[in-house]
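# Coordinate analysis (summary)
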Amino acid sequence: MTVVPSADTGATIIPEHVAIIMDGNGRWAVKRSLKRLRGHEQGAEAVREALKGCNELGIRYLTLFAFSSENWSRPVEEINHLMGLFRFFFKKEIKALCDAGIRVNFIGNTSKLPEDIQELIEELKVRTKDNNKLVLTLALSYGSQAEIVGAMQALGEKIKAGELSPGDIDEDMVARHLETTGLPEPDLLIRTSGEQRLSNFLLWQCAYTEFVFLDVLWPDFKKQDLIAAVGEYGSRSRRYGAL
Ligand code: IPE
Ligand code: IPE
Ligand code: MG
């Protein structure tokens, strides 16, 4: 964990890493007497807005919660539709992502996804690996508690193999065993739809993240919403426990 208390105000106006819990697709559809699936389709368009906003503001890392480990308990029709959307957009957007200099990264238990989507994920990772304008991390089949358990298991294996003793484990070591290793911790977390909870997203990584909760439903999210949330972030005083 890299917490650097600074002597100055601490707040950089533009966050380096923004994470978004993209929530409210179903409610957006129900409000319009549409099927929930239409909300997910429209939600995919809102991702473009978030990317535009990051580009305008110069944000370097964007992490999007697209499907949680708990979302597997939704009706199979909804899951299949979401998988269809991932498949469609991964195929359709690969060239545009390359051209825009975006590196695409994934966290979550992607081995639970259909095999062709796993292949698309590998292709996206490989084809965008040298891009450096923005790192876009998609959390798919992601659950933070399972991620932490995975890190504990890996550390336990190292202890068993005699490579490590329990006293060697510190915050940095745990962080390096999480799926987010290599990413800075989120500076700003945005959740849309008015809900104010983390829903098992980046529990470890958000130790000192600033939270902004927006009432807008994800399909209505526009780049101005990102700009407004970043403005709110800029007005916060990040103290990291110091004075
Ligand atoms: C977020 O929208 C997208 C996913 C969780 C996949 P929801 O589907 O949770 O929409 P609401 O919260 O029911 O409105
Ligand atoms: C969190 O939203 C997961 C994603 C946005 C992908 P949920 O809609 O699944 O969360 P809860 O159930 O309201 O906590
Ligand atoms: Mg929801």
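Conventions and cut-offs
- Sequence order as written defines the numbering, with residues in each chain counted from 1.
- Chain labels run from A onward and ligand labels from 1 onward, assigned in the order the entries are written.
- In keeping with the model being predicted, local features are shown solely for residues with a pLDDT of at least 70 and side-chain atom pairs are shown and tallied solely at 80 or more, while totals for entire chains, interfaces and linings include all residues.
- As a convention, hydrogens and water are excluded, and side-chain values are obtained from all of the structure's heavy atoms.
- Strands were regarded as paired on the criterion that DSSP finds at least two bridges between them.
- Only DSSP runs of H or I with at least four residues qualify as helices, and only runs of E with at least two residues qualify as strands; both kinds are numbered from the N terminus onward.
- A fitted line through C-alpha atoms serves as each axis, taken over the contacting stretch for helices, and the angle formed by two N-to-C directions is quoted from 0 to 180°.
- Residue proximity to a molecule or strand is established when one non-hydrogen atom of the residue lies within 4 Å of it.
- For the purposes of these results, a polar contact is taken to be a pair of N or O atoms within 3.5 Å, where, inside protein, one atom must be able to donate a hydrogen and its partner to accept one; residues adjacent in sequence count only when each atom of the pair is a side-chain atom.
- Under the convention used here, a 1.4 Å probe and the Shrake-Rupley method define accessible areas, while residue burial counts only the protein chains that appear.
- Residues are sorted three ways: Asp, Glu, Lys and Arg are charged, Ala, Val, Leu, Ile, Met, Phe, Trp, Tyr, Cys and Pro are nonpolar, and all the rest, Gly among them, are polar.
- When a residue's accessible area, from a 1.4 Å probe over protein chains only, is under 20% of the maximum for its type it is buried; when over 50% it is exposed; and in between it is partly exposed.
- Among buried residues, those of type Ala, Val, Leu, Ile, Met, Phe, Trp, Tyr and Cys that are joined through side-chain atoms within 4.5 Å constitute a nonpolar core.
- What makes two residues a contact is simply this: any of their non-hydrogen atoms within 4.5 Å.
- Domain segmentation is taken from an automatic or database assignment of domains.
- Here's the idea: put two parts together, see how much 1.4 Å probe accessible area each one loses, and the total over both is what we call buried area.
- Think of a salt bridge as a Lys or Arg side-chain nitrogen and an Asp or Glu carboxyl oxygen that are within 4 Å of each other.

The parallel open sheet is built from six strands, whose spatial order is β3-β4-β2-β1-β5-β6. Where the open sheet ends on each side, the last strands, each with one partner, are β3 (102–107) and β6 (210–213). For this sheet, the mean angle separating the axes of adjacent strands, direction not counted, is 20°. Strand direction decides the pairing type here: strand β5 (residues 188–191) and β6, joined by four bridges, are parallel. Counted as the bridge partner of leucine 189 is phenylalanine 211 from β6.

Right, let's talk about the site of ligand 2 for a bit. Looking at ligand 2, the residues that line it are Ile21, Met22, Asp23, Phe65, Ala66, Phe67, Asn71, Arg74, Arg191, Arg197 and Ser199. In the model, an oxygen atom of ligand 2 is placed 3.2 Å from a nitrogen or oxygen of the aspartate 23 side chain. Serine 199 has a polar side-chain atom sitting 2.6 Å from an oxygen atom of ligand 2. Contact with the protein chains covers 78% of the free accessible surface of ligand 2, which is 390 Å². Residue contributions to the shell around ligand 2 peak at three residues, all from strand β2 (residues 61–68). A per-class count over the shell around ligand 2 returns five nonpolar, two polar and four charged.

Moving on, we come to the environment of isoleucine 59. Within the fold, isoleucine 59 resides in the loop between α2 (36–57) and β2. For the pair formed by isoleucine 59 and arginine 176, sequence separation is 117 residues and the distance between their alpha carbons is 23 Å.

In this section: the environment of glutamate 45. Mapped onto the secondary structure, glutamate 45 falls in helix α2. According to the relative accessible area criterion, glutamate 45 is partly exposed, its value standing at 32%. Taking the C-alpha atoms as reference points, glutamate 45 and glutamate 115, 70 residues apart in sequence, are found 25 Å from one another.

Membership of the largest hydrophobic core comes to 41 residues, with the highest contact counts inside it found for Ile20, Leu62, Phe90 and Leu136. Sequence-distant contacts of leucine 62, defined by excluding residues within four places in its chain, comprise His17, Val18, Ile20, Ala50, Leu51, Cys54, Leu134, Val135, Leu136 and Thr137.

Looking now at the side chain of glutamate 49. Of note, glutamate 49 is situated in helix α2. Relative accessible area serves as the criterion here: at 15%, glutamate 49 is assigned to the buried category. Reaching out from glutamate 49, the side chain makes a polar contact with the backbone nitrogen of lysine 223 at a distance of 2.8 Å. Ignoring anything within four residues of it in the chain, the contact list for glutamate 49 reads Phe221, Lys222 and Lys223.

We now examine the domain arrangement of the protein chain. As far as domains go, the protein chain holds domain 1 (14–142) and domain 2 (144–187 + 205–210). Between the C-alpha centres of domain 1 and domain 2 there is a distance of 25 Å. With twelve residues of domain 1 at the interface, the matching set in domain 2 holds ten residues. In this assembly, domain 1 packs against domain 2 so that about 870 Å² is buried in total across both faces, 60% of it on carbon and sulfur atoms. Among the residues of domain 1 in contact with domain 2, His17, Ile107 and Tyr142 are the three that bury the most area, contributing 58% of the side total. Counting across the interface, domain 1 meets domain 2 through zero salt bridges. Only β1 (17–21), β2, β3 and β4 (134–142) provide two or more residues apiece to the side of domain 1 that touches domain 2.

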